[in-house]
Amino acid sequence: MEMKGFLLGLCVLFYVYKSFSAQSTCKLKAKFNLSGYKDVEKKTVVIGGMFPVHKRVASNKGNTSSAPLSSGCEGFNFRTFRWTQTMLFAIKEINAMDDLLPKTDLGYVIYNSCFTISKAVEGTLTYLTGQDEAVPNYRCGNGAPLAALVGAGGSDLSIATARILGLYHFPQVSYCSTCSALKNKFQFPTFLRTIPSDEHQSTAMAKLVLHFGWTWVGTIAADDDYGKYGIKDFKDQVEEAGVCISFSETMPKVHSPEAIQRIVQTVVESTAKIIVVFSSDVDFSPLITELIRHNVTNRTWIASEAWITSSLISRPPGVSSVLAGTLGFGVKRADIPGLQRHLLDLDPYADSLTEEFWETVFNCTLDYSKALRMAKQRGKEVNGTLSRTVRGVPDGLCTGHEPLAPLNNTYSDVSQLRITYSVYKAVYAVAHALHNLEHCEPGNGPFVGNSCADINNFEPWQLMYYMKNVRFKMPNTREEIFFDEGDVEGFYDILNWQANSDGEIFYVTVGHYNGSAAPENRMEIMNDSIEWNNGMLEPPRSVCSENCQPGTRKGIRQGEPVCCFDCILCADGEISNTTDARECILCTGDFWSNNDHTACVPKIIEFLAFGEPLGVTLIVISAFGALVTLAVGVVFILHSGTPLVKANDTLLSFSLLVSLVVTFLCSVVFLGEPQHWSCMTSQVALALGFALCLSSIIGKAAVLMLRAQALKAARARAKAAAKAAKAAAKAAAEAAANSGSPDVIVTNTLHNDTSASANPEVDILTYAHQRAIAAVATLIQAIVCTVWLIVLPPHPVKNTSGQNIKIILECDPGSVIFICCIFAYDILLALLAFIFAFIARKLEDYVSEAKCLTFGMLVFFIVWISFVPAYLSTRGKFMVAVQIFAILASSFGLLTCIFLPKCYIILIKPDRNKEELMKPRPKPKDGSSTGTSASLATTATEATMATTAIDD
């Protein structure tokens, strides 16, 4: 027995030692400094809450020479304090209900997260531990079970707390954490929310931007998950739809004047008139202050739900000039009966948070000693002595009975209960889940063996089952609440900030967005109800480049977003009939672009018409030329018996006149719309007319050339005979002188060589020869033209390449080879005629016909040589006009040069119209006349030189 007692004592001693040893290894690492509300005594279930009652943690010096202390908070937020009071009000209301948790009394533990992740983590650990000190992974309290956490405010805070709570399958219901990342149930399995996900809000913002046609927007996001995820989803959707982002700025979580100044400068310099902001009101507030200071107006702001109804943003003085016209998305709004009375019935001495609220809102202190110290300090600053008021009730001391109702500040304003309503729904969601858990029927439960959970002792994962499947209606609005994978439906009111005459902002609902509706019916917006920045009623334009109007196309600027472009006018023959066309459309066929390049119109049909002034002028000139030619013919017919008309073949003269009539009249056929018959007639008539004309001239010129050659030969022989006679006479005189018989008279008679005599009046070429030359030359041209008309005849065509805007109706020659051969043949005839006439130009008579032919051919060549460059340098109907002018000019030149001198003699100088004057005559030599041309028909005269030598 003693041995057993010894061993038992030894075991007890060892256990106590181990206990003390274990206790010595457990050490509290830090003391958290948390403020909030707590009521857990004699409660059945405890609901946790976390609200960012302050805007930030107080800065510390970061001193590591002493034990670190948990940071305090600063920057009291009236709006979030109202959220906190709403949770207290909802729990109080539920505890008073008979139909919801009638046998269960709810308690609460509410912590202040100070809008900081570290504080949110502190509160989460403390709440899970069950004591004021956090012991990770331990539940040290033995009171009422913990139900769920309502919170923790912003998305960053909820992400941090959700990662911890997810480890224990502890339910979390958020009222304002909208980040789309929280939708991931793999990372956040127990996270639920009574506010729509930003997945819906980003889509709604994108649809709003597209609805108003804004393609150039700036974005500003808070430097947290809420801002980053929200703005990323928005940018992905609008950029896919063709919207460009002018700038994308991030607001710092820790206040930085340099960063704020940089953002303001970006907003001022950007041409974007629309700015989308994904941020909380706390983070956005410093930027608004700076924007007001710089008077940055003429911008339209697109607000996320986190600040669209925030008084922190909408109430600063001068904000209406900057933010009036703001559009944003607010979550569902509702009236909560009894809430305002609860908000106004506060006991300032109940807890530290309410005390701080009281002191902040009334700018006083509830601490008498603190008020006394402050009064003394002010007295010393005034006159160096204590005033009598300090000895009584010090200035700045709160009475605790100051009325809240007259203040009408953010805390007591219940006109826009949106996030507040979301808090209210979150508390009711937890209560209904607990109600379902409490009223589970044994044997029909959802757990193993169809068991139920005990309301007095349940595990968090058991409540999580009921939270996921809860479905209820809110008591006042009858809105049905349920969770779809932890999220609620994406319904938003579209709010517009409008300013009254005093510059105060008020919210006007101008539309709705329902993410659950069909895509085409999700957004309803009343454009006429919107008041834009600076009171404008028309939506602002926000584009990097103005729309390219019809007639132009977009030209992308290198290195810039696709929304920045130049509007380039469509090239000739191309059109664009839509706004912002990326490419121009080419007009095809017989169409061309109009002056504005907005439509393809039929091309202008161009040809030299009979009725236009130029056509009428050419017809008149052609008719005049033909009439003059006919008049010359009439003159020749009337004087056909005269020597002048009969000289050099009358028939050739008439054929020449006929050919000129043909050339004058064929020019008329070139006018009008080209037809098959007109194309063939004009070209063939021109070719044959000139062939007949030139061949007739060749016949005339050939005879004159031969006459000139014969006269030249006769002159040469006469000159040679004269030289021979002179030489013989000289020789005889010398012989007589040498004989010494001066009295002897020597007579030497010298006869011209009869073999040298010639008769120029006898032409080698007779009239028959001349006519044969003209006929053969013309027949050759006629044969070629006939073959041309049979094989490849000329035909009318539409020339669309000569001038883009016009369709030129012209005659296609059919075969370039044939037309070149035809007119080359005419050129050959012209060259022969010119050569023959030029050779005979010195043949003298009173008419000088050879010279007339020479001048006529010179005019012909000058006209057609000038015609070639003029013809090649013109287009359209003016080419036809140039061709007709060349025909008329050459015809008038031939008519004038050949027939005008003859008509002059026939009509004006009839005395010269004699037979002997029609014959060639030699030129005078050494001032003496060699006789008339008739004397050239006799043989050379005999010259007798008598030399008499008389001897003395």
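The notes below deal with the structure included here. Quick caveat: nothing in here was measured; it's all calculated off a predicted structure. (Residues numbered from 1 in each chain as written. Predicted model: local features only at pLDDT ≥ 70, side-chain atom pairs only at ≥ 80, totals over all residues. Heavy atoms only, no water.)

**Here we look at the pattern of salt bridges**
Point 1. The full count for this structure, using the stated rule, is 28 salt bridges.
Point 2. As a salt-bridge pair, Glu 122 and Lys 119 come within 3.4 Å of each other at their nearest N and O atoms. In this pair, Glu 122 and Lys 119 both sit in helix 3 (residues 117-129), three residues apart, roughly one turn of the helix. This pair shows no difference in class: Glu 122 is buried, exactly as Lys 119 is.
Point 3. One salt bridge connects Arg 557 with Glu 560, and the closest N-O pair in it is separated by 3.6 Å.
Point 4. One salt-bridge network, held together by shared partners, links Lys 183, Arg 193, Glu 199 and Asp 487. (Salt bridge = Lys/Arg side-chain N within 4 Å of Asp/Glu carboxyl O. Helix = DSSP H or I, 4+ residues; strand = E, 2+ residues; numbered from the N terminus. Buried < 20%, exposed > 50% of the residue type's maximum accessible area, 1.4 Å probe, protein only.)

**Here's the deal with the layout of surface pockets**
Point 1. Of the volumes computed, that of the largest pocket is approximately 1,200 Å³.
Point 2. Lining the largest pocket are 45 residues; nearest its centre among them are Ile 819, Phe 823, Phe 867, Tyr 871 and Gln 883.
Point 3. Contributing elements (two or more residues each) for the lining of the largest pocket: helix 20 (676-739), strand 28 (806-812), helix 22 (816-839), helix 23 (849-872) and helix 24 (877-907). (1 Å grid on protein atoms, 1.4 Å probe; cavity = no way out; pocket = protein on both sides within 12 Å on 5 of 7 lines; lining within 4 Å. Points joined across faces, edges and corners; volume = space filled by probe spheres on them.)

**Quick notes on the state of the cysteines**
Point 1. Within the structure shown, the criterion is met by nine disulfides.
Point 2. Across the disulfide from Cys 440 sits Cys 452; the S-S distance is 1.8 Å. Taking the sign of the torsion about the S-S bond as the criterion, the disulfide between Cys 440 and Cys 452, at about -60°, is left-handed. Placement of Cys 440 in the loop between helix 15 (419-438) and helix 16 (460-469) and of Cys 452 in the loop between helix 15 and helix 16 is noted, with a sequence separation of twelve residues between them.
Point 3. Given a relative accessible area of 25%, Cys 452 falls into the partly exposed group.
Point 4. Not engaged in a disulfide, the cysteine Cys 852 finds its nearest cysteine sulfur in Cys 897; these two sulfurs lie 7.4 Å apart.
Point 5. Residue classification places Cys 852 among the buried positions, given a relative accessible area of 10%. (Disulfide = S-S within 2.5 Å.)

**A short note on the packing of aromatic side chains**
Point 1. Counted by the stated rule, this structure contains 38 aromatic pairs.
Point 2. Centroid distance Tyr 492 to Tyr 513: 6.5 Å. Interplanar angle 40°. Geometry classified as tilted. Of this pair, Tyr 492 sits in strand 16 (residues 491-499) while Tyr 513 sits in strand 17 (residues 505-514), placing them 21 residues apart in sequence.
Point 3. Taking the relative accessible area as the measure of exposure, Tyr 492 reaches 0% and is therefore buried.
Point 4. An aromatic cluster is present here, built from Phe 690, Phe 834, Phe 838, Phe 860, Phe 861, Trp 864 and Phe 867 joined pairwise through their rings.
Point 5. For the cation-ring pair, Lys 332 lies above Phe 491, with the distance from its terminal atom to the ring centre recorded as 5.1 Å.
Point 6. The lysine or arginine in question, Arg 471, covers the ring of Phe 482, its NZ or CZ lying 4.1 Å from the ring centre. (Phe/Tyr/Trp six-rings, centres within 6.5 Å; stacked < 30°, edge-to-face > 60°. Lys NZ or Arg CZ within 6 Å of the ring centre and 35° of its normal.)

**A few points about the nonpolar core**
Point 1. Core analysis: the biggest nonpolar cluster contains 103 residues, and Leu 327 and Leu 434 have the highest contact counts within it.
Point 2. Among the elements that take part in this core, helix 15 stands out by supplying 13 residues, more than any other.
Point 3. Counting 57 residues, the second largest nonpolar core, distinct from the first, contains Leu 618, Leu 644, Phe 836 and Ile 905. (Core = buried A, V, L, I, M, F, W, Y, C linked by side-chain atoms within 4.5 Å.)

**Here we look at empty space enclosed by the protein**
Point 1. In this structure the tally under the stated criterion is three cavities of 30 Å³ or more.
Point 2. By volume, the second largest cavity amounts to about 70 Å³.
Point 3. Around the second largest cavity sit Arg 82, Thr 309, Ser 311, Thr 410, Asp 413, Ser 415, Gln 416 and Tyr 507, which together line it.
Point 4. Residues of the lining of the second largest cavity, tallied by class, amount to one nonpolar, five polar and two charged. (Nonpolar A, V, L, I, M, F, W, Y, C, P; charged D, E, K, R; others polar.)

**Some thoughts on helix 17 (residues 613-638)**
Point 1. Along its 26 residues, helix 17 runs 37 Å from first to last C-alpha, staying within 8% of the 38 Å computed at 1.5 Å per residue.
Point 2. For helix 17, the complete set of buried residues consists of Gly 615, Leu 618, Ser 622, Gly 625, Ala 626, Thr 629, Val 632, Gly 633, Val 635 and Phe 636.
Point 3. For helix 17, the secondary structure elements touched by its buried residues are helix 18 (643-646), helix 19 (650-669) and helix 24. (Expected span 1.5 Å × (residues − 1). Contact = heavy atoms within 4.5 Å.)

**Looking at the sheet that holds strand 25 (residues 604-606)**
Strand pairs in the sheet, formed through backbone hydrogen bonds, run parallel or antiparallel to each other.
Point 1. The mixed open sheet is built from three strands, whose spatial order is 25-28-27. Looking along the sheet, the strands with just one partner apiece sit at the ends: strand 25 and strand 27 (795-799). Adjacent strand axes in the sheet meet at a mean angle of 25° when their direction is disregarded.
Point 2. Relative to strand 28, strand 27 runs antiparallel, the two being bridged by five bridges. The partner of Val 797 across the bridge, within strand 28, is Glu 810. (Pairing = 2+ DSSP bridges. Axes fitted to C-alpha atoms, helices over the stretch in contact; angles between N-to-C directions.)

**Brief notes about the environment of Ile 556**
Point 1. Counting through the fold element by element, Ile 556 comes out in strand 19 (residues 552-556).
Point 2. Residue classification places Ile 556 among the partly exposed residues on the basis of a relative accessible area of 44%.
Point 3. Sequence separation of Ile 556 and Arg 582 is 26 residues, and the distance between their C-alpha atoms is 9.3 Å.
Point 4. Non-local contacts of Ile 556, meaning those with residues more than four positions away in its chain, are made with Val 562 and Phe 565.

**Some words on the packing of helix 19 against helix 24**
Each pair of packed helices can be summarised by the angle the axes make with each other and by the distance between the axes.
Point 1. At their nearest, the axes of helix 19 and helix 24 sit 9 Å apart, and the two run at 155° to each other. Compared by their axis directions, helix 19 and helix 24 come out roughly antiparallel. In the packing of helix 19 onto helix 24, the handedness of the crossing is left-handed. Contact with helix 19, carried on its side by Ser 653, Leu 656, Leu 657, Leu 660, Thr 663, Phe 664 and Ser 667, involves Ile 884, Ile 887, Leu 888, Ser 891, Phe 892, Leu 894, Leu 895, Ile 898, Phe 899 and Lys 902 of helix 24 and no other residues of that element.
Point 2. Of the residues contributing to the contact of helix 19 with helix 24, the split by class is twelve nonpolar, four polar and one charged. (Parallel < 35°, antiparallel > 145°, perpendicular 65-115°, else oblique. Left-handed = near helix turned anticlockwise from the far one by under 90°.)

**Section: the side chain of Gln 883**
Point 1. Mapped onto the elements, Gln 883 comes out in helix 24.
Point 2. The class for Gln 883 is buried, based on a relative accessible area of 12%.
Point 3. Ignoring sequence-local partners within four residues, the contact set of Gln 883 consists of Phe 670, Gln 683, Leu 686, Phe 867 and Tyr 871.

**What about the pairing of strand 6 (residues 146-150)?**
Point 1. Of all five residues making up strand 6, five are buried, and the element is well covered by its neighbours.
Point 2. Inspection of the sheet shows strand 2 (residues 45-51) paired to strand 6 by three bridges, in the parallel sense. Within strand 6, the residue paired with Gly 48 across the bridge is Leu 149.
Point 3. As judged from the two bridges shared by strand 6 and strand 7 (residues 172-174), these two strands associate in the parallel manner.

**Here we look at the packing of helix 2 (residues 78-95) against helix 12 (residues 352-362)**
Point 1. Running from N to C, helix 2 and helix 12 point in directions that differ by 145°, and their axes come no closer than 12 Å. Here helix 2 and helix 12 pass one another in a crossing that is left-handed. Counting all contacts with helix 2, which are made through Phe 78, Phe 81 and Gln 85, the residues of helix 12 involved are Leu 353, Thr 354, Phe 357, Thr 360 and Val 361.

**Regarding helix 15**
Point 1. Taking 1.5 Å of rise per residue, the 20 residues of helix 15 would be expected to cover 28 Å, and the 29 Å separating its terminal C-alpha atoms lies within 8% of that figure.
Point 2. A large share of helix 15 lies buried, amounting to 18 of its 20 residues.

**Remarks on the sheet that holds strand 17**
Point 1. Strands sit in the order 10-9-11-12-13-16-17-18 across an open sheet of eight strands; the sheet is mixed. Every interior strand has two partners, whereas the edge strands, strand 10 (244-251) and strand 18 (523-525), have only one. The average undirected angle you get between the axes of adjacent strands in this sheet is 25°.
Point 2. Here strand 9 (residues 216-222) runs beside strand 11 (residues 274-278); their pairing, made up of five bridges, is parallel. Counted as the bridge partner of Thr 219 is Val 276 from strand 11.
Point 3. Lying over the sheet, helix 6 (residues 225-240) contacts strand 9, strand 10 and strand 11, oriented at roughly 160° with respect to strand 9.

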